[in-house]
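Listed below, chain by chain, are the residues.
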Amino acid sequence: MRQLRGYALPLVLLLMVILAAAGAAAVLVMKSSAQATATVINRRQAFYACDGVGRAAMIKARAYMRSDTTPTTSELQVAVCGATSGCPNKADFTPVGFDIDTLSLSTAGLQACSSNGQCASNSCQGGFCVPVLPLPNGPFRGMNARQTDLSIIIEATKAATNARCRVEENLALGEIGLFQFFIFAEGYTDLGIPPAMTINGRVHVNGDFC
């Protein structure tokens, strides 16, 4: 019996060492996985923060462009950020727990009409060639709209983890003429029972439409 115990003890000790090493390795793997997951989450949160700042800046730019149909980059930057350089108003866009490092807007502007008031492929409005083109996407896709190109660059940092994001968006703000929502008809929509018809898209009606 003593001889059997002598052989069993080293084996048990060896198994305990192997189990301890395996447990330590498992802990290290779990720790590394948790760190990788946290990094991904922080980066995703930073991206969402940059995207939200860009959307807020775009909404403010759109509101300003309702009153200024031919904005320059400097005018747009002042309207959104409060200055031509930097962004003194960045606190208005900053999510909780983040710092905005960069917020800048720019627009290519509009070309002046020719001396006879003509443009190569756009309409002349207020002395400038205004692009009127079909919208490429979105709920109003295919409708003609007066479009103004706009670029936004956002860089932000999450204060707690220093996770950073950078988003650069190029978009076009479009204004659709109201008459594109009208239905022009004579008789069928006003008198009697009309034949079957199909009407697609958004519609504006001044009175009843049955």
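Everything numeric here is computed off the predicted structure, so don't read it as measured data. (Residues numbered from 1 in each chain as written. Predicted model: local features only at pLDDT ≥ 70, side-chain atom pairs only at ≥ 80, totals over all residues. Heavy atoms only, no water.)

Draft legend 1. Looking closely at the overall build of the protein. Scanning the protein from terminus to terminus reveals 2 helices and 6 strands. In sequence order, the protein lays out its α and β elements as α-α-β-β-β-β-β-β. By residue count, 23% of the 210 residues in the protein fall in the buried class. A fraction of 51% describes how many contacts in the protein between residues 6 or more apart in sequence connect residues 24 or more apart. Entry remark: accessible area of the protein is about 14,600 Å², with carbon and sulfur atoms responsible for 58%. (Helix = DSSP H or I, 4+ residues; strand = E, 2+ residues; numbered from the N terminus. Buried < 20%, exposed > 50% of the residue type's maximum accessible area, 1.4 Å probe, protein only. Contact = heavy atoms within 4.5 Å. Areas by Shrake-Rupley, 256 points an atom, 1.4 Å probe, with all protein chains shown as cover.)

Draft legend 2. Structural view of the packing of aromatic side chains. In the structure shown here, the tally under the stated rule is 1 aromatic pair. With 5.9 Å between their ring centres and 55 degrees between their planes, Phe47 and Tyr48 make a pair best called tilted. (Phe/Tyr/Trp six-rings, centres within 6.5 Å; stacked < 30°, edge-to-face > 60°.)

Draft legend 3. Highlighting the state of the cysteines. Counted by the stated rule, this structure contains 2 disulfides. With a sulfur-sulfur separation of 1.9 Å, Cys50 is cross-linked through a disulfide to Cys165. Residues Cys50 and Cys165 are joined through a disulfide that is right-handed, its torsion about the S-S bond being 80 degrees. Residue Cys50 is located in helix α1 (residues 2-65), and its partner Cys165 is located in strand β6 (residues 164-176); the two are separated by 115 residues in the primary sequence. Since its relative accessible area comes to 8%, Cys165 is described here as buried. (Disulfide = S-S within 2.5 Å.)

Draft legend 4. Representation of the nonpolar core in the model. Ranked by size, the top nonpolar core spans 25 residues in total, and within it Val80, Phe93, Leu103, Leu105, Leu150 and Ile152 carry the most contacts. Those elements that place two or more of their residues in this core are α1, α2 (73-81), β1 (98-106), β5 (144-158) and β6. The biggest single contributor to this core is α1, with 8 residues. Filtering out sequence-adjacent residues up to four positions away, Leu105 remains in contact with Ala57, Ala61, Thr73, Leu76, Gln77, Val80, Cys81, Leu150, Ser151 and Ile152. (Core = buried A, V, L, I, M, F, W, Y, C linked by side-chain atoms within 4.5 Å.)

Draft legend 5. Summary view of the environment of Glu155. Structurally, the position occupied by Glu155 is in strand β5. Here the alpha-carbon distance between Glu155 and Ser104, two residues 51 residues apart in the chain, equals 9.4 Å. With residues near it in sequence (within four places) discarded, Glu155 still touches Cys50, Asp99, Ile100, Asp101, Thr102, Arg164, Cys165 and Arg166. A polar atom in the side chain of Glu155 sits 2.9 Å from the side chain of Thr102. (Polar contact = N/O pair within 3.5 Å; in protein donor to acceptor, adjacent residues only side chain to side chain.)

Draft legend 6. View of unusual backbone geometry. Of note, Asn162 is a non-glycine position whose phi angle comes to about 65 degrees, a positive value. Look at Asn162 and you get exposed, because its relative accessible area is 57%.

Draft legend 7. The pattern of salt bridges, seen in detail. Counted according to the given criterion, the structure contains 5 salt bridges. With its nearest N and O atoms 4.0 Å apart, the salt bridge here joins Arg146 to Glu175. With Arg146 in strand β5 and Glu175 in strand β6, this residue pair connects regions lying 29 residues apart in the sequence. Sharing partners across several salt bridges, the network here consists of Glu155, Arg166 and Glu168. (Salt bridge = Lys/Arg side-chain N within 4 Å of Asp/Glu carboxyl O.)

Draft legend 8. Quick peek at the side chain of Thr157. By the secondary structure assignment, Thr157 is in strand β5. Reaching out from Thr157, the side chain makes a polar contact with the side chain of Asp101 at a distance of 2.7 Å. With near-sequence residues (within four places) excluded, Thr157 lies in contact with Gly97, Phe98, Asp99, Asp101, Asn162, Ala163 and Arg164.

Draft legend 9. Quick look at the pairing of β6. As judged from the 13 bridges shared by β5 and β6, these two strands associate in the antiparallel manner. Bridge pairing in β6 places Asp149 opposite Ala172. With antiparallel pairing between neighbouring strands as the criterion, β5 and β6 make up a hairpin whose turn holds 5 residues, including Asn162 at a positive phi of roughly 65 degrees. (Pairing = 2+ DSSP bridges.)

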